[in-house]
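Single-letter residue listing:
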Amino acid sequence: MVELDTVIRNAVVVTASDVFESDLGIAGGVITALGRGLGPARREVDAAGRYVTPGGIDTHCHFDQPMRDAVTLADDFLTGTVSAAHGGTTTVVPFACQLPGQSLRAAVDDYHRRAGAKPVIDYAFHLIVADPTEAVLRDELPALIREGYTSFKIYMTYESLKLSDRQIISVLAVARHEGAMVMVHAENSDCIAWLTEELERQGRIAPYFHAVSRPPAVEREGTHRAITMSEIVGTPILLVHVSSADAVEQIRWAHGRGLKILAETCPQYLVLTADHLDAPGFEGAKYICSPPPRDEASQRAVWQGLASGVFQVVSSDHAAFRFDDPAGKKRHGEHASFTRVPNGIPGVETRMPLLFSEGVTKGRIDLQTFVALTATNAAKIYGLYPRKGTIAIGSDADVVVWDAEREVVITSDLLHSACDYTPYEGMRVRGWPTTVFSRGDPVVDEGKLLATPGRGQFLRCGRPHPPGA
Ligand code: URP
Ligand code: ZN
Ligand code: ZN
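Since the structure is predicted, the reported quantities are computational estimates derived from the model, not experimental observations. (Residues numbered from 1 in each chain as written. Chains lettered and ligands numbered in written order. Predicted model: local features only at pLDDT ≥ 70, side-chain atom pairs only at ≥ 80, totals over all residues. Heavy atoms only, no water.)

> Teacher, can you tell me more about the coordination of the zinc ion (ligand 2) here?
The reference angle at a metal is 109.5 degrees if four donors form a tetrahedron and 90 or 180 degrees if six donors form an octahedron. Each protein donor to the zinc ion (ligand 2) is listed here as K153 (NZ), H185 (ND1) and H241 (NE2); together their distances run 2.1 Å. Each donor residue of the zinc ion (ligand 2) belongs to the same chain, and together they define the spacing K-x31-H-x55-H. Between the zinc ion (ligand 2) and the zinc ion (ligand 3), a separation of 4.0 Å is found. You can see K153 sitting in strand β10 (residues 151–155) and its partner H185 sitting in strand β11 (residues 181–185), a full 32 residues away along the chain. Note on K153: relative accessible area 1%, which makes it buried. Since its relative accessible area comes to 1%, H185 is described here as buried. (Donors = N, O, S within 2.8 Å, 3.2 Å for Na, K, Ca; no water. Helix = DSSP H or I, 4+ residues; strand = E, 2+ residues; numbered from the N terminus. Buried < 20%, exposed > 50% of the residue type's maximum accessible area, 1.4 Å probe, protein only.)

Below, the structure written as structure tokens:
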């Protein structure tokens, strides 16, 4: 019999399909036993009355991504992964973003250098394809997919990143040929440009007008167009950071036609609205992200979509810019037009507690759906399953012990990101991760970091196996 390193006793184990009482035996960083009365082990953890879930997988976060205009992201691969771990996330999949004119390979090499010996939890990379040249499409992308970079994001908006429809179709064709997953940021760029010009001409430049410049119709059109291109090429896509009832409607429409359209949303679209951007002074800049938070009707539509299978993934889209910082939200001062404020908000640490509290505690989703949305589906979609994303014999011992009754008031001081604010300041949540294990190592216990930089391992992703496929 294999000697156990750790036994987590009396746990209420939750997977995407089941809830059952069991001990968990861990040896060599993987789960080696599930059952009653396991042991003994060198480390004994009593989880009586506690849920034990798979460690979260956050498949949409931006760490140490170079920005234009002398702006910098707050978090690198150390602070970003430390923050993630404190919130119950044990795997992150940030982006390696190709700059226009850069080779994809150079982008990947650059991000590996940036990660260096920093991550405290395991990580993989999505690519961002911003310049799909002939060489990228013919050689680089297929080669990188085969090396374990099996997903990539494309943009329909942002001047320096956006692709034309023709380019999107070419990228989708490579994904179909190679069996990769394309993530799409779906907003109509030209509509945003026109609306923005109109608003600026009228002097409507306060942070709130960011939301006005990117209304749900802009997302609806982009979503429909992306779905159509996916149908025409015959390859699935994953729509990222879906925010509005209009976009949800488009995805339901696609599902009704039998199309394989996957979708991700984020906590900001579940608990924030555009009213947050209307906070006094420049405070609204703290909530500027794209797409912007919407209204309560959209919140309800997204919650319904989570409960009914429209969405497979809840990620954070953590893109943290410090607020009180000339390299962050105040790059152009407190009176700058919303167009000059960097887009993105922090959330890698609050993703799991917010969904647990607002979703499970409040009865909007059940525990198994919580696990599916925060870990299992992402592992399947991005080729990390069953090593990651579940509690099963042979899976990595990435597990989270939850105190479902613990009430916590979220404040920036409590969190571990290098960002100087949280959009969820003062929000009371019920349910908090108390102990977080990564490959059997306790990395966070009762708010204390136990992991050392560099212990996180780079993961090569396999081909996507989306749930239900
Ligand atoms: O505003 C956002 N979402 N910033 C991050 C970049 C992106 O489009 O996901
Ligand atoms: Zn995006
Ligand atoms: Zn993003």
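Structure's up, so let's keep going.
> Would you take a moment to explain helix α1 (residues 79–86) for this structure?
Because each turn of an α-helix spans 3.6 residues, side chains separated by three or four positions end up pointing in the same direction. Among the 8 residues of α1, 7 are classified as buried, and the element is accordingly described as predominantly covered. Regarding α1, the residues found buried are G80, T81, V82, S83, A84, A85 and H86. Check the buried side of α1 and you find it contacts β7 (89–97), β16 (428–438), β17 (441–445) and β18 (448–449). Positive backbone phi, approximately 95°, marks G88, located one or two places after α1. (Contact = heavy atoms within 4.5 Å.)

> So what exactly am I meant to see when it comes to empty space enclosed by the protein here?
Which parts of space are left empty comes out when a probe the size of a water molecule is rolled across the atoms. The final tally for this structure, using the stated rule, is 3 cavities of 30 Å³ or more. What the largest cavity holds in volume is close to 100 Å³. In terms of lining, the largest cavity is formed by 14 residues, of which the most central are P346, L415, S417, Y421 and T422. Taken together, the residues of the lining of the largest cavity sort by class into 6 nonpolar, 7 polar and 1 charged. (1 Å grid on protein atoms, 1.4 Å probe; cavity = no way out; pocket = protein on both sides within 12 Å on 5 of 7 lines; lining within 4 Å. Points joined across faces, edges and corners; volume = space filled by probe spheres on them. Nonpolar A, V, L, I, M, F, W, Y, C, P; charged D, E, K, R; others polar.)

> Is there a simple way to explain the coordination of the zinc ion (ligand 3) in this structure?
Within the protein, the atoms that donate to the zinc ion (ligand 3) are H60 (NE2), H62 (NE2) and D317 (OD), at distances of 2.0 to 2.1 Å. Each of the 4 donor atoms bound to the zinc ion (ligand 3) contributes to angles spanning 89 to 124°, and the resulting shape is tetrahedral. Coordination of the zinc ion (ligand 3) draws on donor residues from a single chain, spaced H-x1-H-x254-D in sequence. (Tetrahedral: all angles 85-135°; square planar, octahedral: opposite > 155°, others 65-115°.)

> What's the story with the site of ligand 1 in this structure? I'm lost.
As a matter of local geometry, ligand 1 sits amid 13 residues, with K153, H185, S290, D317 and N343 nearest to it. The backbone of S290 places a nitrogen or oxygen atom 2.8 Å from an oxygen atom of ligand 1. G344 places a main-chain nitrogen or oxygen 3.4 Å from an oxygen atom of ligand 1. Protein burial of ligand 1: of its 270 Å² of free accessible surface, 94% is covered by the chains. Here ligand 1 is seated within the largest pocket. Looking at the shell around ligand 1 residue by residue, the class counts come to 4 nonpolar, 7 polar and 2 charged. (Near = heavy atom within 4 Å. Polar contact = N/O pair within 3.5 Å; in protein donor to acceptor, adjacent residues only side chain to side chain. Areas by Shrake-Rupley, 256 points an atom, 1.4 Å probe, with all protein chains shown as cover. Sits in = over half its atoms within 2 Å of the grid points.)

> In this structure, what is going on with the nonpolar core? I would like to understand it.
Note on soluble globular proteins: their nonpolar side chains tend to be buried together. Counting 128 residues, the largest nonpolar core has L127, F152, V184, L239, L306, L355 and F370 as the members making the most contacts within it. With 8 residues, the top contributor of residues to this core is helix α12 (residues 367–381). Not counting the four nearest positions on each side in its chain, L306 is found in contact with T265, L270, F311, V314, L355, I365, T369 and L373. Formed by 14 residues, the second largest nonpolar core is a distinct cluster that contains I8, I31, V45 and F437. (Core = buried A, V, L, I, M, F, W, Y, C linked by side-chain atoms within 4.5 Å.)

> Looking at this structure, I do not really get the packing of helix α7 (residues 216–233) against helix α8 (residues 245–256). What am I missing?
Following both chains from N to C, one finds α7 and α8 inclined at 20°, their axes separated by 8 Å at the closest point. Taken together, the axis directions place α7 and α8 in an arrangement best described as roughly parallel. Crossing hand, α7 versus α8: right-handed. The residues of α8 that touch α7, namely those facing P216, E219, R220, T223, H224 and I227, are D246, A247, Q250, I251, W253 and A254. In terms of residue class, the contact of α7 with α8 is built from 6 nonpolar, 3 polar and 3 charged. (Axes fitted to C-alpha atoms, helices over the stretch in contact; angles between N-to-C directions. Parallel < 35°, antiparallel > 145°, perpendicular 65-115°, else oblique. Left-handed = near helix turned anticlockwise from the far one by under 90°.)

> I'm lost on the state of the cysteines in this one. Help?
Two cysteines form a disulfide when their sulfur atoms are joined by a covalent bond. Using the criterion set out here, one finds 0 disulfides in the structure. As a non-bridged cysteine, C419 has C289 as the owner of its nearest cysteine sulfur, 12 Å distant. Given a relative accessible area of 8%, C419 falls into the buried group. As a non-bridged cysteine, C461 has C61 as the owner of its nearest cysteine sulfur, 12 Å distant. With relative accessibility at 6%, the residue C461 sits in the buried group. (Disulfide = S-S within 2.5 Å.)

> Sorry if this is basic, but what is going on with the layout of surface pockets here?
Space inside the largest pocket adds up to approximately 1,100 Å³. Taken together, 42 residues make up the lining of the largest pocket; nearest its centre are R68, Y158, E159, S160 and N343. Elements with a minimum of two residues in the lining of the largest pocket: β10, α5 (189–201) and α6 (208–213). In terms of residue count, the dominant contributor to the lining of the largest pocket is α5 (4 residues). A volume near 180 Å³ is recorded for the second largest pocket. The element contributing the most residues to the lining of the second largest pocket is α6, with 3 residues.

From the geometry alone we can't say anything about function, so treat these as descriptive.
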